[in-house]
Amino acid sequence: MILEAARLYLVAGARVAAGPLVELLPELAGAGVDVLQLREKEMEAGPMLRAAQGLAHACRSVGVPFFVNDRPDVARAAGATGVHLGQDDLPAPSAREILPGGSIGWSTHSKEQIDDALGWDEPPAYIAVGPVFETPTKPGRPATGVDLLRYAAKTVPAGLPWFAIGGIDESNLPEVVDAGARRIVVVRAIADAPDPATAAAALRATLDEAPL
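Residues numbered from 1 in each chain as written. Predicted model: local features only at pLDDT ≥ 70, side-chain atom pairs only at ≥ 80, totals over all residues. Heavy atoms only, no water.

Asks: Account for the environment of H109, with residues named and values stated.
Replies: Mapped onto the fold, H109 is located in the loop between β7 (103-108) and α5 (111-118). Each C-alpha atom, one on H109 and one on A51, is 29 Å from the other, the two residues being 58 residues apart in sequence. In terms of polar contacts, H109 uses its side chain to reach the backbone carbonyl oxygen of G130, at 2.8 Å. (Helix = DSSP H or I, 4+ residues; strand = E, 2+ residues; numbered from the N terminus. Polar contact = N/O pair within 3.5 Å; in protein donor to acceptor, adjacent residues only side chain to side chain.)

Asks: Tell me about the pattern of salt bridges, and name the residues and values.
Replies: Applying the stated criterion to the full structure yields seven salt bridges. For R204, the salt bridge is made with D34, and the minimal N-O distance between the two is 2.8 Å. In this pair, R204 is assigned in helix α9 (residues 196-208) and D34 in the loop between α1 (21-31) and β4 (35-38), connecting sequence segments 170 residues apart. Classification of R204 by relative accessible area gives buried; the value is 17%. The salt bridge partner of R71 is D73, with a shortest N-O separation of 2.9 Å. We classify D73 as partly exposed; its relative accessible area is 36%. (Salt bridge = Lys/Arg side-chain N within 4 Å of Asp/Glu carboxyl O. Buried < 20%, exposed > 50% of the residue type's maximum accessible area, 1.4 Å probe, protein only.)

Here's what the structure looks like:
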């Protein structure tokens, strides 16, 4: 899987509501999840590395790019595809020094931040745009609404994949797609679902109605 062809990106902890993420990954990949990010804000480096190593191996087995949130050192040690960084994390050049040859995903929350990412000498592998809707995953961060998605849809060049993120679920996904998004990042809509593969398949079916 190359990122340009990806549609459904899951961000989750090492364990989701239905069980250990590594055990669920083959079924999730079969249901349409085609990028995975390990996000463990409170986990120490050692346990995080062990979780990341298992997920990196599982992702390679099913052809799913694997990213680690915030930690280029863990991403490198685990053999991940890359690291996802936010506006307040390490700057991309520093992360590239730690993770040479790795992919950098970048969060954007405004038109100005999108424009800034488009001007990098070495562009990110993808950008995430949002949070579109309020989400407890990002407490205190105001929702951007779908207008920022419309801006991304008309501004981001075809060669740079961008993903809508933030509070997206089956109920509001049509609004996200109508605004021009063709790729999404989800957390709770899959991670909190009692049957995550069924939840993923439903999201993917809606996405696939709007070709890239």
